[in-house]
Amino acid sequence: NTDRAKLMKEAENFLTNCYDELGYSMTELNSRVNQVNEEISSNGFYAHTTEELKHGAKMAWRNSNKCIGRLFWDRLHVIDARGTKEENAIFEQLFNHISFATNGGKIIPTITIFDPVIPGEDPIRIWNHQLLRYAGYETEQGVIGDPDSITFTKVCLELGWEGNGTAFDLLPLVIQVGNKQPMWKEIPEEIIMEVPIEHPTEPIFGDMEVKWYGVPIISDMRLEIGGIQYCAAPFNGWYMGTEVGARNFADENRYNLLPLVANNLNLDVQTNRSLWKDRALVELNLAVLYSYQQHGVTIVDHHTAAQQFLAFENKEIQSGRDVTGMWSWLIPPVSPATTHVFHKRYENKVITPNYYYQEKPFI
Ligand code: HEM
Ligand SMILES: N/C(=N/c1cccc(CO[C@@H]2CCNC2)c1)c1cccs1
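What comes next is a walk through the structure. It should be emphasised that the depicted structure is a prediction, and the values quoted were computed from it without experimental measurement.

Reading guide: rules and limits
- Residues numbered from 1 in each chain as written.
- Chains lettered and ligands numbered in written order.
- Predicted model: local features only at pLDDT ≥ 70, side-chain atom pairs only at ≥ 80, totals over all residues.
- Heavy atoms only, no water.
- Donors = N, O, S within 2.8 Å, 3.2 Å for Na, K, Ca; no water.
- Helix = DSSP H or I, 4+ residues; strand = E, 2+ residues; numbered from the N terminus.
- Near = heavy atom within 4 Å.
- Polar contact = N/O pair within 3.5 Å; in protein donor to acceptor, adjacent residues only side chain to side chain.
- 1 Å grid on protein atoms, 1.4 Å probe; cavity = no way out; pocket = protein on both sides within 12 Å on 5 of 7 lines; lining within 4 Å.
- Sits in = over half its atoms within 2 Å of the grid points.
- Nonpolar A, V, L, I, M, F, W, Y, C, P; charged D, E, K, R; others polar.
- Axes fitted to C-alpha atoms, helices over the stretch in contact; angles between N-to-C directions.
- Parallel < 35°, antiparallel > 145°, perpendicular 65-115°, else oblique.
- Left-handed = near helix turned anticlockwise from the far one by under 90°.
- Contact = heavy atoms within 4.5 Å.
- Points joined across faces, edges and corners; volume = space filled by probe spheres on them.
- Areas by Shrake-Rupley, 256 points an atom, 1.4 Å probe, with all protein chains shown as cover.
- Pairing = 2+ DSSP bridges.
- Salt bridge = Lys/Arg side-chain N within 4 Å of Asp/Glu carboxyl O.
- Buried < 20%, exposed > 50% of the residue type's maximum accessible area, 1.4 Å probe, protein only.

Concerning the coordination of the iron atom of ligand 1
- Looking at the protein side alone, the iron atom of ligand 1 has one donor only, C67 (SG), at 2.4 Å.
- You can see C67 is positioned in the loop between α3 (50-62) and β1 (77-80).

As structure tokens, this is what we get:
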């Protein structure tokens, strides 16, 4: 039927590129393509070899148009967790991912890949946006914590989780197998690495204790390889400082810390022309970079990240591949025009394998 014909086409396209990059002969490629076509025509599905899975996950990172960190695409550590079906075993894999990727602060870009969507089998979904993230609470006095987490925090509370009501409560992991009751578990505190944020010279937060978690681990995107959908495949890199300093801490609909920082720096917040927002933003981003470095947690500044992206562009051209990208995401939110990215154009062509958004499993 058409679904099987479509899957065969996507599989052949992936295998051709993958086997070419891995240096296999045409004979080896053709025999694998025939084997896969057999499997698809009898089961409407085919299973990747671990090698195909690992290289496919790396290709997907290399094809991620919004990602400035792609220079290191070929050094992704891939954990093949297929066959993990029991909830407690899934939680163990997720805890292992957090501790392995954290690596005492010397962060290892890692992806853990669970079973793909298989016809007739229960799919696995991770309900968290990121494995480590802070709760958000709506109260009469306003929002406490991360406003971005308000909806998911309510879901966790409904499932029986209880937060401490602070601005930095780490949320539990929530997973669901098929249509069974979703299960939640607190993350063991011994594997959690957090960074207290302070400025090298100024008390920019006054008496407020500000911190952030060390490792960003995206857990709600779908990895597609050769027509196969991996809906539970959490992946991490390290942060670019501006993500924390210019968005998570600075956005008005996130922690909205610019007024606090500006006041503690004695800036004139009564007029735009004092550029108080810009001066507070730079000091806040300096504090983030300084604090992660002081605590031995990998982080990259946006200038270095842009230089690394330029190296990626040149390497791709050397490899005979077109560089695709989404300009609006690739430019950093602080001093964008001081990077080369701002001054050139990128083709936003989406090629597979890749990472995609997927429907939230909860409302
Ligand atoms: C190694 C260090 C890495 C750095 C510094 C980095 C940096 C970034 C940044 C700054 C963004 C934009 C995020 C935002 O504006 O919210 C981004 C997006 C993205 N990155 Fe990377 N990244 C890294 C590694 C990775 C890895 C290992 C993967 C996957 C295997 C990945 C896949 C993606 C994807 C799919 C997006 C777009 C997310 C979306 O559409 O919402 N990145 N990256
Ligand atoms: N540094 C990172 N930054 C991000 C990468 C992808 C997505 C995000 C957060 O995206 C949110 C959803 C859309 N904007 C914010 C952040 C990484 C996380 C995981 C691997 S690298």
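Digging into the site of ligand 1
- The environment of ligand 1 is formed by 16 residues, the closest being W61, K66, C67, F235 and Y357.
- Residue W61 places a side-chain N or O atom 3.4 Å away from a nitrogen atom belonging to ligand 1.
- The cavity that encloses ligand 1 is the largest pocket.
- For the shell around ligand 1, the residue count by class is eleven nonpolar, three polar and two charged.

Some points on the packing of helix α6 (residues 241-248) against helix α8 (residues 276-294)
- Two elements in contact, α6 and α8, have axes whose closest approach is 9 Å; the angle formed by their N-to-C orientations is 140°. Judged by the angle between their axes, α6 and α8 are oblique. Judged by the twist between their axes, the crossing of α6 over α8 is right-handed. Side by side, α6 and α8 meet where G241, T242, V244, G245 and A246 of the first sit next to L281, L284, N285, V288, L289 and Y292 of the second.

A word on the layout of surface pockets
- As a volume, the largest pocket reaches approximately 1,700 Å³.
- Around the largest pocket sit 50 residues that line it, and K66, C67, I218, E243 and W329 are the ones nearest its centre.
- Among the secondary structure elements, those contributing two or more residues to the lining of the largest pocket are β9 (211-213), β10 (217-218), β13 (235-236), β14 (239-240), α6, α9 (302-318), α10 (327-330) and β16 (354-356).
- In terms of residues, the lining of the largest pocket owes the most to one element, α6, which gives four residues.
- Among the residues forming the lining of the largest pocket, the class breakdown is 28 nonpolar, 14 polar and eight charged.

A word on the site of ligand 2
- With respect to spatial proximity, the complete set of residues near ligand 2 consists of H129, P216, I218, F235, N236, G237, W238, Y239, E243 and W329.
- One of the backbone nitrogen or oxygen atoms of W238 is found 2.9 Å away from a nitrogen atom of ligand 2.
- Side-chain polar atom of E243 to a nitrogen atom of ligand 2: 2.6 Å apart, as the coordinates give it.
- Coverage of ligand 2 by the protein amounts to 64% of the 500 Å² it exposes when considered alone.
- With respect to the detected pockets, ligand 2 is housed in the largest pocket.
- Along the lines of polarity and charge, the residues of the shell around ligand 2 split into six nonpolar, three polar and one charged.

Some points on the sheet that holds strand β6 (residues 173-177)
- Spatially, the three strands line up as an open sheet ordered β3-β6-β7, and their pairing is antiparallel. Both edges of this open sheet fall to β3 (124-126) and β7 (183-185), since each of them pairs with a single strand only. Taken over all neighbouring pairs, the strand axes of this sheet differ in orientation by 20° on average, direction set aside.
- In the sheet, β3 pairs with β6 via three bridges, with the strands oriented antiparallel. Directly across from I124, in β6, lies its bridge partner V177.

Remarks on the pattern of salt bridges
- Counted by the stated rule, this structure contains 18 salt bridges.
- A salt bridge links D148 to R133; the nearest nitrogen and oxygen atoms lie 2.9 Å apart. Here R133 lies in the loop between β3 and β4 (136-139) and D148 lies in the loop between β5 (142-145) and α5 (150-158), a separation of 15 residues in the sequence.
- Judged by its relative accessible area of 46%, D148 falls in the partly exposed class.
- Residue R247 pairs with D251 through a salt bridge whose shortest N-O separation is 2.9 Å.
- Taking the relative accessible area as the measure of exposure, R247 reaches 42% and is therefore partly exposed.
- The network of salt bridges with common partners includes E21, R62, E316 and R321.

Concerning unusual backbone geometry
- Omega for the bond connecting T352 with P353 falls within 30 degrees of zero, at -5°, which places this linkage in the cis form.
- Within the secondary structure layout, P353 lies in the loop between α10 and β16.
- In this structure, N103 is a non-glycine residue whose phi angle is positive, near 50°.
- Residue placement: N103 occurs in the loop between α4 (87-102) and β2 (110-113).
- If you check the backbone angles, L275 has positive phi at about 55° while not being a glycine.
- Relative to the helices and strands, L275 is located in the loop between α7 (258-264) and α8.
- For L275, a relative accessible area of 46% corresponds to the partly exposed category.

Coordinates in, geometry out; function isn't part of it.
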